[in-house]
Each structure stands twice: as structure tokens, then as C-alpha cells.
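Fold and geometry: a report
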Amino acid sequence: MKPQGVGAAIPRKEDDRFLRGRGRFVGDIAMAGMREVAFLRSPVAHGLVRHIGKPAGFERQVFTMADLEGVLPIRAPSSLPGFRKTDQWPLAHGRVRQVGEPVAMVMAASRAEAEDICEAIELDIEELPAATDMLAHRAGPPIHEGWADNVVLHTLVEDDLSGIAPAITVRRRLRTARQHMAPLEGRGVVARWEPRIGQLEMHTSSQMVHVTKTGLAECLGLAESAVRIISPDVGGGFGYKGILLQEEVAIGWLARRLGGTPLRWLEDRREGLSGQANCREHHYDIDVHADSEGRILAIDCEAHVDSGAYSAYPFSACLEAAQIASILPGPYVVPRFRCRTWSVATNKPPILPYRGVARTGVCYALETTLDAVARKAGIDPVALRLRNLPSAEAMPYVNVTKKIFDSGDYPEALRRAAEAIDADGFKARQDSARAKGRLIGQGFAVFNEQGAHGTSVYHGWGIPFVPGAEACQARLTPDGALELRVGVHSHGQGMETTLAQVAHEVLGLPVERVQLVHGDTALTPYSTGTWGSRSAVMAGGAVGDACAELRRRLIPMGAHLLQADPAEAVFENGAVHAGGGSVSVAEIARTLYRAPQNLTEAMQAQGLECTVGHKTARDTGTFSYAAHAVEIELDAATGHVALTRYIIVEDGGVLLNPLVADGQVLGGTAQGIGTALLEEMPYDASGQPLASTFVDYMLPGAAEVPDIEIHHMETPSPISRFGQKGIGESGAIGPPAAIVNAINNAIAHLGREVTDLPASPDRILAALA
């Protein structure tokens, strides 16, 4: 390992500016003459807009959809058979379908003044019955005109389950709660029209600037060259900032109309909580059939996903349900599998792919049901899982849904987790605690995470983007520094550090001499952005390939300057060595740019700047995996759960930076703990959100997150450039399953069980009752 290269646990470069308050977020951007924007939002979940009255004297500051001539709705298409498209207008167009839907846009000198004008707008909405339950309202009444029901998409993975003759069948009905992602920084937009070049310049807190540019241009009827998207520092994304926003379209239109006046909108927490609880709400009816020794014979499931009112661009309303049908078998050997899924439109915010996407719900459904199988069979839950995991020798393993697990030793990860948490000694500890009136439990969850999947996976989905080769532009400056330009975006992943480490691995340049340029469509190559745990694999591979191309050019240049045979020259530690001498990268770059006469014409023409595209050896994705082991203590009087131990054994392949990887896993685990125990956005029968402040919507804090032990296994992926795998979402997947399994282990002797998330005190007390 090189001192700053792949595998080095060096501190993140970007943290210096963040810790000193020197980051630059959308909210930090100020422009001369800037006007503030606020949105009047629907106070009802479903209704016909009868009248929007602009207050007298403010007609030129208030805009409705009727004013936005020529603007198209946001449409997220899909080629999946039976998929129903929706039109999501930037501002309400005749009907509202969720609380918080933008109805009117107001511009003023200050946000406070804009909000005062919003309150003066006359809004008449004829309220209609709201669809709030994906099961009860699947058949209707439909919330979209021309639909016979509320089914956005129905899928079926069929298999013949006859003749399996199970000794054990366990059926469970499970539900996960709707959540709000709550990034530290909310959404925000600063936009202005640049009349000199006829271009809309928009600063927005986004994970995927190029996809946003494409969608925005389509809605506004502009050429893509007339749109520039800039995403500065981003304070957390998690999928919340991986879509085209209605607000972006509306503000983009207004900025162009004003012809140069800058506009700013910053989402406040009330807007986010009341109108953007947009993830995780699933329902499962799942059967697991097993033989007498607990080996899985078949899984049969019907799953519903509450998709909300519209299909968000670009992922659409079908992403979650389509994923369920392909990943429900988890990391296990499952001979037969049948799964029916329903994406159901309701009068709630459009569902988005939150960190882990469907995997968190799928892991919860399968892992809690497997624990129920173990209890019914009288088998230790660790032993049951070991009997069903593919062996290391079976890798690469193709599972029942044709997922290709690229590498790893899944049973060993579970064994290490069980050993670290002393699973063998737990029964004695539990019996001792019960004798003293205490309830303690131990739970496990095993899962894998497909990341960096590419063209072959997404081509058939028909969504507006299909990832291809990931590009990196690399160039050496005259003083020998390296500029890397990538189309992905870092919003907590530490790419300014890890991609510099990749460059150091190949070129030997200090990471301090590597600058990452990202988040600007005018300066970076086209990319689908940061999502799906892809950046370390795809952008990391692209940086490695681009730097290798520069190295290929540097060697003959260095040999020429040393008057040596290029065949005898070697590149090492940031320099070309030949004939007993050496010349550094900086000296070669200085010669090319400032004394080119000392190089051949061909070398001058080739230069030290290149753009290289990268794809993995097989684009079906890398598969990281993990085993989570948890111990809890439950207070039977209050229903409170304390996490007393938390062990994670994680295999993310070759880790570009173990320190950064730990940060990703820890952050995801904190979010998973929120999913397991705290976070829920309930709605009443009229579609009103009931937790629209942080007094009611509970997030995990320091008191809820225990010390977490992380143990790494590093099994290289055979398909990525450095053996790395995507693990950005991993920590958020396992906690709900492991924690609820621990809760159920604590109360199993009472014949009780928790089935719904979050496992709040109320739900635990109800189970105990």
C-alpha cells in the first residue's frame, strides 16, 4: 500500500473547511439584487382548485401555473409493461394531490415578505376524499383522471411452488413506516438568467447535476446548452436530492422571464416535513417454506409500496416495488421464488429512493421471518442462516433472480459477528437477566447490497437515464498539480479525498496536489451522478484509468528528456526513471507547457490532458455484504429499547479509505436505527401529515446510537478496477431487521412479537399486551 494510495486511512481533505465553517452551500450564495421566493402550498391532500386570487398590488409578484406558458409537467417514463405515467406540474394544475404541493410562487425582497404575500392569496380548493392507505385504496377511488384504480405498476415474478413439501411454513404480515430523509441541509435553489450568453444558471443542492439539467431543459423547452447546473457543497443527500424538483422548474421559468434578476428559495423544515415524507412505506405478506432443518425451500411474497401522488423524475414510482421483486431472496440460496408487487398511488408525497432504497424493507421482511422460522424449528438463528448462505467456494454465485454475487465469504462474516457478540454465551446471560426481571435480546441480520450496476441492469427499466461508461477528465497543470473533473457529486462520501488517493496510487502525486472539480455541468463530463453506491467503483475506476493514460504519456516524455530508451523507463513515485536519472511529473508538465520545444511534435500534440470512460468488467454490479449483530434491553413497563451492543462485520471489497468507509457505515447505521425505533410520518384519514415538526418526528441522536464496532473483511471484487465495492448505503439496511429480531428474541418466551416499524414504545407495549 502506498502511503496515501488505495487503502490508506488518511483524514478527509474536505473536512478542514467544513469544520471551520468555510463550506459553501446554496444558502451561502448571495448575489446583488437577489429576490427571495416562497411557495403557497396546498393545505389539503386531494382537491380541485377552484380559484387562486392574487392579492391586490402584488399581481406582478405572484405566479400560478396559468402564468407558466409553455412549461411542461415533470414526467418520469418507464417502459415496464403496465406502467402508468403521471404529470407532475411545477405548480398545481387544476387539482392538488398531496399536502404541500406547490400552488403558487411568490417573489419578494425578503423571504418574510414573500411568505406574507402567500398568506394574502385567496385559495379555494374543493376537497375530495383522500387515498391514504395503499391496501384499502389500491382499487380506488382513483386519484388520477382516466385511471380505473390507483395501481401505478403491478409486477409478478412467477415460479412453480407445487411439490415443495415444506416441513415448516411461516407466514408474516409486516409493515414499514413512511419517513422523511431529513438531510442536515434542506433543498435550495439560486437561479438567474445570463442574458449575455442566453443561459439559465442554477445553483441547486443536487446529487445528479447532469440529470437535473436534462430534465429541466425538457420542462422549460430549452436546449441543454442553455442550462447550466451548479451544485456547490451539499449537506447530505440520501436520495432526497436525487430528483428534478417542481421548485427548480418554476424558479427556472421565472429567472428566465426576469432576464437577469437572481432568485433564491431555501426549503424550511416545515416544508420538508409536511410535504416531503417520501420514503420507506412498504407492506409485506410473506411466506417462507423450509425443511425440518431450516433450509429454505421457497419464498412466496406479495408486497405493496405506497408510491405517493406522482412519479418523481428520474426514478419513477416503480423503483421500490421493482427492486423488491428482484432482491427479496437476499443473500441466501433460495431454490424457488414467487413475488407479486404493487406500486400504489396515494395522496402522499412521491416516493423517492432513500439510502438503501428497497433493501431496508426487504431485509426487514426476510430476516424477521427467518427468525420466526428458526423459533418454529427450534434452531439457533445463526445456525439457520449458515445453512442457507452460499459458500465462498460458490462465488461468483448466481441466485434465483439472476443476481451475480461477485465475491465474498458470507458465512464467515456471520460467524465473525456471532463470535464478536458472544452468541454462544448469550443464552446464559439472558436466563440470568430474566431471573432478575430484566428482558434482554440478541438479534442478527445478514444482507448484501448491489452497487454500481450499469447499462444491462437499467436498460430494461425505461427510466430517463441509463448509466454507461463513467468519464473522468484528468489534466496536469504547468506546475505539476493534477485536476480531476468528474460528473458524480460528493455530499458526504469524501470523494475529494478518496479520488485523490486513487490518483496517488497511479501517479504518485501527493493528495494535497490533486484537485477535484465536480458539481458543475459546464466543467464536468456527463454522468448520471451519485446514487446506487456507484461512485467509488465507477468514478474511482474512471480516475484510475485516466491517470493511467496520463502515466502512459508521461513515460516517453520523461525518457525523451533523460535521453533514454522509453522501453527502459519506469514510472515510480511520481517520476520517470531511466538511465540512472529521473525526472518528476512536475518537471515534465513544466516542459510541455513552458518549453515544448524540448519535446517531440507528437508528444506536444498528445499533451497531458485526457478524458477516459470506465466500465466494470461486468456491469451487473458489485455486491458488498454485511452481518449485523445487536443486543438490546427492553423495559417492559415503558416499551423503551436500549441498544447495549452493536457489531457490524462488513465486506466492501478493497477499501479505498477505511476511515471514510467507517464513516459511511456509521452514518447509515444511525439512520437505520431511526428507521427501526423512531422515525414515522403518520397520516390521518384526510391525508394530513401528523408529525410536521421535529417535536413529533423523532430523529436518532447521540443518546440513541450506541458505540458501534466495525470489523472489515476485504474480499476484492473481480470486476472493479481496484477490487472495491459500493458500500455507501450498507449501514442503513441491516439495523431494523437486527434490532427487531433482538426485541422479538427478548419477548419470544412470552409468545409475543413485533411486526411493524418503527418498533416504538407504543407498538412494543401493544405486543406485550
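Bear in mind the structure is a predicted one, so any value in this text is a computation, not a measurement.

Secondary structure assignment for the protein yields 18 helices and 28 strands. Expected size for 769 residues packed as a compact globule is a radius of gyration near 27 Å; at 27 Å, the protein falls within 12% of this value. On the principal axes, the C-alpha backbone points of the protein span a range of 85 × 75 × 50 Å. Here the protein holds 769 residues, and the buried ones make up 63% of them. Total accessible area on the protein stands at roughly 27200 Å², and carbon and sulfur atoms take up 50% of it. The centroid of the 72 positive side-chain charges in the protein is displaced by 2 Å from the centroid of its 90 negative side-chain charges.

Another point: the sheet that holds strand β20 (residues 482-486). Spatially, four strands are ordered β21-β20-β19-β25 in an open sheet, and the strand pairing comes out mixed. In this open sheet, the two strands that pair with only one neighbour each are β21 (514-517) and β25 (609-614). Averaged over all pairs of adjacent strands, the angle between their axes in this sheet comes to 20°, without regard to strand direction. Bridging between β20 and β21 involves four bridges; their strand directions are parallel. Each residue of the ladder has a partner; that of Leu484, found in β21, is Leu516.

Moving on, we get to the nonpolar core. Counting 88 residues, the largest nonpolar core has Ile299, Ile632, Leu677, Ile739 and Ile743 as its most contacted members. The contacts of Leu677, once residues within four sequence positions are left out, are Val641, Leu643, Ile739, Ile743, Pro758, Ala759 and Ser760. In this structure, Met65, Ala191, Cys219 and Ala255 belong to the second largest nonpolar core, which totals 54 residues.

As for its placement among the helices and strands, Glu470 is situated in strand β19 (residues 470-476). Within the structure, the side chain of Glu470 is placed 2.9 Å from the side chain of Arg534, a separation counted as a polar contact. Dropping the residues within four chain positions of it, Glu470 is found in contact with Gly487, Val488, Ser527, Arg534, Met538, Ala539, Ala542, Val612, Gly613 and His614.

Before going further, it helps to examine the packing of helix α16 (residues 658-677) against helix α17 (residues 735-747). Relative to each other, α16 and α17 sit at 50°, their axes nearing to 8 Å. Classified by the angle their axes make, α16 and α17 are oblique. Classified by chirality, the crossing of α17 by α16 is right-handed. When α16 is examined against α17, the residues Thr669, Gly672, Ile673, Thr675, Ala676 and Leu677 are found in contact with a partner set consisting of Pro735, Pro736, Ile739 and Ile743.

Applying the stated criterion across every chain, the model contains 55 salt bridges. Notably, a salt bridge pairs Arg111 with Glu115, separated by 2.8 Å at the nearest N-O pair. Of this pair, Arg111 and Glu115 are both found in helix α2 (residues 111-120), four residues apart, which corresponds to roughly one turn of the helix. The salt bridge involving Asp133 is made with Arg175; its shortest N-O contact spans 3.8 Å. With Asp133 in the loop between β6 (122-127) and β7 (151-157) and Arg175 in strand β8 (residues 168-175), the pair connects residues that are 42 residues apart, well separated along the chain. A relative accessible area of 25% means that Asp133 is categorised as partly exposed. Through salt bridges with shared partners, one network takes in Arg41, Arg111, Glu115, Glu247, Asp268 and Glu271.

Bringing the sheet that holds β7 into the picture now. Sheet strands pair via backbone hydrogen bonds, and the direction of the pair is either parallel or antiparallel. Across the sheet, five strands lie side by side as β7-β15-β14-β13-β8; this open sheet has mixed pairing. Only two strands of the sheet have a single neighbouring strand rather than two, namely β7 and β8. Adjacent strand axes in the sheet meet at a mean angle of 5° when their direction is disregarded. Each of β7, β13 (282-290), β14 (296-308) and β15 (336-345) is contacted by helix α6 (residues 319-327), which is oriented at about 175° to β15, the strand it contacts most. Helix α7 (residues 359-377) rests against β8, β13 and β14 of the sheet, and its axis sits at about 145° to β8.

Turning next to the packing of aromatic side chains. This structure, assessed with the given rule, holds 12 aromatic pairs. Pairing Phe315 with Phe465 gives two aromatic rings, centres 5.5 Å apart and planes at 90°, and the pair type is edge-to-face. Placement of the pair is Phe315 in the loop between β14 and α6 and Phe465 in the loop between α11 (455-458) and β19, with a sequence separation of 150 residues. The pair formed by Phe315 and Phe465 is uniform in burial state, with each residue classed as buried.

With that out of the way, let us pick up the packing of helix α8 (residues 381-388) against helix α9 (residues 410-420). When two helices pack together, their arrangement is given by the angle between their axes and by how far apart the axes lie. Packing of α8 against α9 leaves a shortest axis separation of 9 Å and a crossing angle of 165°. Taken together, the axes of α8 and α9 are roughly antiparallel relative to one another. As for how α8 packs across α9, the hand of that crossing is left-handed. From α8, Val382, Arg385 and Leu386 reach across to α9, where they touch Pro411, Leu414, Arg415 and Ala418. Here the residues of the contact of α8 with α9 sort into five nonpolar, no polar and two charged.

Turning our attention to the environment of Tyr697. Assignment of secondary structure puts Tyr697 in the loop between α16 and β28 (708-713). For the pair Tyr697 and Gly23, spaced 674 residues apart in the sequence, the C-alpha separation amounts to 28 Å. Those residues in contact with Tyr697 that lie beyond four places of it in its chain are Gln179, His180, Leu273, Glu679, Glu680, Met681 and Ala691. A distance of 2.6 Å separates a polar atom in the side chain of Tyr697 from a polar atom in the side chain of Glu679.

So, on to the pairing of strand β27 (residues 641-651). With eight of 11 residues buried, β27 lies mostly within the body of the structure. As paired elements, strand β26 (residues 622-634) and β27 share 10 bridges and run antiparallel to each other. Note on β27: the bridge partner recorded for Glu631 is Arg645. Counting the residues between successive antiparallel strands, the hairpin from β26 to β27 contains six residues, one of them, Gly639, with a positive phi of roughly 80°. As paired strands, β27 and β28 are joined by six bridges and run parallel to one another. Paired with Tyr646 across the strands is Ile708, a residue of β28. Chirality of the crossover, the property in question, places the unit of β27, α16 and β28 among those that are right-handed.

Another point: the pairing of β14. A regular strand places its side chains so that they alternate between the two faces of the sheet. Burial analysis of β14 places 11 of its 13 residues in the buried class, the great majority of the element. Pairing of β13 with β14, which is carried by nine bridges, proceeds in the antiparallel orientation. Looking at the pairing, Asp287 lines up with Asp300 of β14. Remark: five residues form the turn of the hairpin made by β13 and β14, two consecutive strands paired antiparallel; Gly294 in that turn has positive phi of roughly 85°.

The next point concerns helix α12 (residues 495-507). Between its terminal C-alpha atoms α12 stretches 17 Å, which fits the 18 Å expected from 13 residues at 1.5 Å a residue. Burial analysis of α12 places 12 of its 13 residues in the buried class, which makes it a mostly covered element. Residues of α12 that are buried: Met495, Glu496, Thr497, Thr498, Leu499, Ala500, Gln501, Val502, Ala503, His504, Val506 and Leu507. Residues of α12 that are buried make contact with α1 (15-19), β20, β21, α13 (535-561), β22 (570-572) and α16.

This part covers the side chain of His518. In this structure, His518 sits in the loop between β21 and α13. With sequence-adjacent residues up to four places away left out, His518 is seen in contact with Ser231, Val486, Val488, His489, Ser490, Glu496 and Thr524.

This next bit is on unusual backbone geometry. Residue Gly140 is joined to Pro141 through a cis peptide bond whose omega torsion reads 0°. Along the chain, Pro141 falls in the loop between β6 and β7. The omega torsion across Tyr313 and Pro314 is 10°, close enough to zero to call that bond cis. Residue Arg280 is not a glycine yet carries a positive backbone phi of 80°. Note that Arg280 resides in the loop between α5 (269-275) and β13. Overall, the relative accessible area of 6% leaves Arg280 in the buried class. The backbone of Val357 sits at a positive phi, close to 50°, despite the residue not being glycine. When you line up the elements, Val357 lands in the loop between β15 and α7.

The rules behind each value
Residues numbered from 1 in each chain as written. Predicted model: local features only at pLDDT ≥ 70, side-chain atom pairs only at ≥ 80, totals over all residues. Heavy atoms only, no water. Helix = DSSP H or I, 4+ residues; strand = E, 2+ residues; numbered from the N terminus. Rg over C-alpha atoms; globule rule 2.2 N^0.38 Å. Buried < 20%, exposed > 50% of the residue type's maximum accessible area, 1.4 Å probe, protein only. Areas by Shrake-Rupley, 256 points an atom, 1.4 Å probe, with all protein chains shown as cover. Lys, Arg positive; Asp, Glu negative; His and termini not counted. Charge placed at Lys NZ, Arg CZ, Asp CG, Glu CD. Pairing = 2+ DSSP bridges. Axes fitted to C-alpha atoms, helices over the stretch in contact; angles between N-to-C directions. Core = buried A, V, L, I, M, F, W, Y, C linked by side-chain atoms within 4.5 Å. Contact = heavy atoms within 4.5 Å. Polar contact = N/O pair within 3.5 Å; in protein donor to acceptor, adjacent residues only side chain to side chain. Parallel < 35°, antiparallel > 145°, perpendicular 65-115°, else oblique. Left-handed = near helix turned anticlockwise from the far one by under 90°. Salt bridge = Lys/Arg side-chain N within 4 Å of Asp/Glu carboxyl O. Phe/Tyr/Trp six-rings, centres within 6.5 Å; stacked < 30°, edge-to-face > 60°. Nonpolar A, V, L, I, M, F, W, Y, C, P; charged D, E, K, R; others polar. Right-handed = clockwise from strand over helix to strand, strands pointing away. Expected span 1.5 Å × (residues − 1).

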